[in-house]
Each structure stands twice: as C-alpha cells, then as structure tokens.
Amino acid sequence: PAAVSDATAAFKSLVEEASLLGLDPHRLAVGGDSAGANLATVVCDVMRHETRAPVYQLLVYPVTDVSREHDSYDLFPDHYLLTSEAMRWFIHHYVRQDEERLDPRVSPLLAESLKGVAPACVVIAGFDPLRDEGLAYAKKLEADGVSVDLHKHTGLFHGFFTLGNVLPPAEEAVRRAADSVRRAFDAVRPQDRAGPASVLEGEPTP
C-alpha cells in the first residue's frame, strides 16, 4: 500500500531536514495508534539498518497481522467502538489481493525477524478486536531481542488514547506512554544529542 512508502518517506524527510526544523536526528521516534501503529512498525523495519533509524516506537493497539483473525475478533466483535466487521472492511480496502496480507509490510507480525528494530512501547486495550495480535507482536519483539515496555489496560477499549479528557484511566495511560518515550530519548547517549526530541505520529484508524 502507498501508505507504507509515504510513512517511510516522511521519516526520511525529517532526518534530512532535521537541522532546518530544529530537530535532533539522533532522537526521532515513530508512533501511532491502530493503523498508524502498523505504519510505525513498518518504518522501523524498513529503516532498521539505516544510520538514522528511529530510536523508539510507540505502538498503541497496533494492527500487526491481517493474514488471519485472532481470537479477540470473536471475543470482542462489537459494542467496543471498533468492531470486527469494521476491521474487515478496513483491511479489504487496504490490500488489493489476499496474498498481500502475508507481506510483512502489511502484517509485521509475519516478519521473519524483528532483530535490530527500535525498542518499543506497546499499549494494549483489553476490550479490542486487535488485542491478541498486539500482544503477539510484543512477544515477538521480545523473542527477537527487542526491548519492550508493554502496557496492558484491561478495562479500556480500542480508541481510548484520544479520550484522555473524558476518561481518567485513558489520561493516565497516555501519561504512562509519554513517560516511556521520554525515557527512551533520555537514554540516547549525551554525545549523540543535538537538539530537542520529536515524535512522528501515524494515522489512526478511522
């Protein structure tokens, strides 16, 4: 999908124009929720061997495997903002052919290895069709030697990340995620720092 190329090009552009934008190319992270988190994982995969790769990824209830429906599709099919049927509709309009669902640029959980990608904060909602694939991705990251800060919010639902002004638990979840990103930036060696930190946000699922 074109979104993969767009997201990667956007990150590369930030790196190239960092000095003009007042950014530190050594301290750039990618992140997003749902579909945006999917793109963030792909950017980290594509860029992992580049000199200026993302130093962190914030993945909020990410889409990581459209090759099949995990158990949480059946457990939480509706009533929790994002429905399983809506996900089927999104996926159908994102990929043109069924075999594309197996492409790691679409289903990053299917990557042969994630070794070398940026450390991650993975945020999971308890009532979410995407819950299980998000947990599976966090597990694969750890298995491939990638540091993971896993936040499981069992009482929240897909989409909560934008509801901090309404739901106190959501506000706390956002704060925890922000703290995780801040710690990642702080961990960058002082001699590598050249400016303020920045976060590139992915596009959320409609």
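Check the entry above for the structure.
Residues numbered from 1 in each chain as written. Predicted model: local features only at pLDDT ≥ 70, side-chain atom pairs only at ≥ 80, totals over all residues. Heavy atoms only, no water.

With that settled, the discussion passes to the overall build of the protein. The number of helices and strands found in the protein is seven helices and five strands. Sequence-ordered secondary structure for the protein, helices as α and strands as β, is α-α-β-α-β-α-α-β-α-β-α-β. If you line up the protein on its principal axes, its C-alpha atoms span 50 × 40 × 30 Å. Relative to its 206 residues, the protein shows a buried fraction of 48%. Carbon and sulfur atoms form 52% of the exposed surface of the protein, whose accessible area is close to 10400 Å². Here the protein carries 20 positive and 31 negative side-chain charges, and the mean point of each set is 6 Å from the other. (Helix = DSSP H or I, 4+ residues; strand = E, 2+ residues; numbered from the N terminus. Buried < 20%, exposed > 50% of the residue type's maximum accessible area, 1.4 Å probe, protein only. Areas by Shrake-Rupley, 256 points an atom, 1.4 Å probe, with all protein chains shown as cover. Lys, Arg positive; Asp, Glu negative; His and termini not counted. Charge placed at Lys NZ, Arg CZ, Asp CG, Glu CD.)

Strand E3 (residues 120-127) sits mainly inside the fold: seven of its eight residues count as buried. Inspection of the sheet shows E3 paired to strand E4 (residues 148-157) by seven bridges, in the parallel sense. Residue pairing across strands places Val-123 opposite His-151, the latter belonging to E4. A crossover links E3 with its parallel partner E4, the connecting element being helix H6 (residues 131-143), and its sense is right-handed. (Pairing = 2+ DSSP bridges. Right-handed = clockwise from strand over helix to strand, strands pointing away.)

Within this structure, the stated rule accounts for zero disulfides. Sulfur of Cys-44: no disulfide; nearest cysteine sulfur belongs to Cys-121 and is 13 Å away. Overall, the relative accessible area of 2% leaves Cys-44 in the buried class. (Disulfide = S-S within 2.5 Å.)

Before going further, it helps to examine unusual backbone geometry. Not every positive phi belongs to a glycine, and Ser-34 is a case in point at roughly 60°. Of note, Ser-34 is situated in the loop between strand E1 (28-33) and helix H3 (35-47). A positive phi angle, near 70°, is found at Leu-81, a position not held by glycine.

A separate point is the environment of Asp-186. Positionally, Asp-186 belongs in helix H7 (residues 168-186). A C-alpha to C-alpha distance of 25 Å links Asp-186 and Lys-139, two positions 47 residues apart in sequence.

It is possible for side chains bearing opposite charge to pair when their charged atoms get close. Counted under the stated rule, the structure contains 13 salt bridges. For Arg-183, the salt bridge identified is with Asp-149, shortest N-O distance 3.2 Å. One end of the pair, Arg-183, is in helix H7; the other, Asp-149, is in strand E4, and 34 residues separate them in sequence. Given the relative accessible area of 49%, Arg-183 is considered partly exposed. Notably, a salt bridge pairs Arg-182 with Asp-179, separated by 2.6 Å at the nearest N-O pair. (Salt bridge = Lys/Arg side-chain N within 4 Å of Asp/Glu carboxyl O.)

Time to look at the nonpolar core. Counting residues in each nonpolar core, the largest one holds 30 residues, and the members touching the most others are Phe-11, Leu-59, Val-122 and Leu-141. Sorting the residues of this core by element identifies helix H1 (2-16), E1, H3, E3 and H6 as the ones contributing at least two each. Per-element tally for this core: the top contributor is H3, with seven residues. Judged by nonpolar contacts, the second largest core, of 17 residues, contains Leu-58, Tyr-61, Val-123 and Ala-177. (Core = buried A, V, L, I, M, F, W, Y, C linked by side-chain atoms within 4.5 Å.)

Spacing of three or four residues puts side chains on the same side of an α-helix, whose turn is 3.6 residues. Of the positions making up helix H5 (residues 84-94), those classed as buried are Ser-84, Met-87 and Ile-91. Viewed along the axis of H5, the buried residues span an arc of 55°, placing them on a single side of the element. Among the exposed residues of H5, those pointing more than 90 degrees away from its buried face are Glu-85, Trp-89, His-92 and His-93. Turning to H5, the residues buried within the fold contact helix H4 (71-75). (Arc of directions from axis to C-beta. Contact = heavy atoms within 4.5 Å.)

Inspection of the entire model under this criterion finds six aromatic pairs. Centroid distance Tyr-61 to Phe-160: 5.5 Å. Interplanar angle 70°. Geometry classified as edge-to-face. Of the two residues, Tyr-61 sits in the loop between strand E2 (56-60) and H4 while Phe-160 sits in the loop between E4 and H7, which places them 99 residues apart along the sequence. Pair check on accessibility: Tyr-61 and Phe-160 agree, each one buried. With a centroid separation of 5.0 Å and an interplanar angle of 20°, the aromatic rings of Tyr-80 and Phe-127 are classed as stacked. Residue Tyr-80 is found in the loop between H4 and H5, and its partner Phe-127 is found in strand E3; the two are separated by 47 residues along the sequence. Given the relative accessible area of 28%, Phe-127 is considered partly exposed. Grouping aromatic residues by their ring pairs yields a cluster made of Tyr-61, Phe-160 and Phe-161. (Phe/Tyr/Trp six-rings, centres within 6.5 Å; stacked < 30°, edge-to-face > 60°.)

Just geometry here; none of it tells us what the structure is for.
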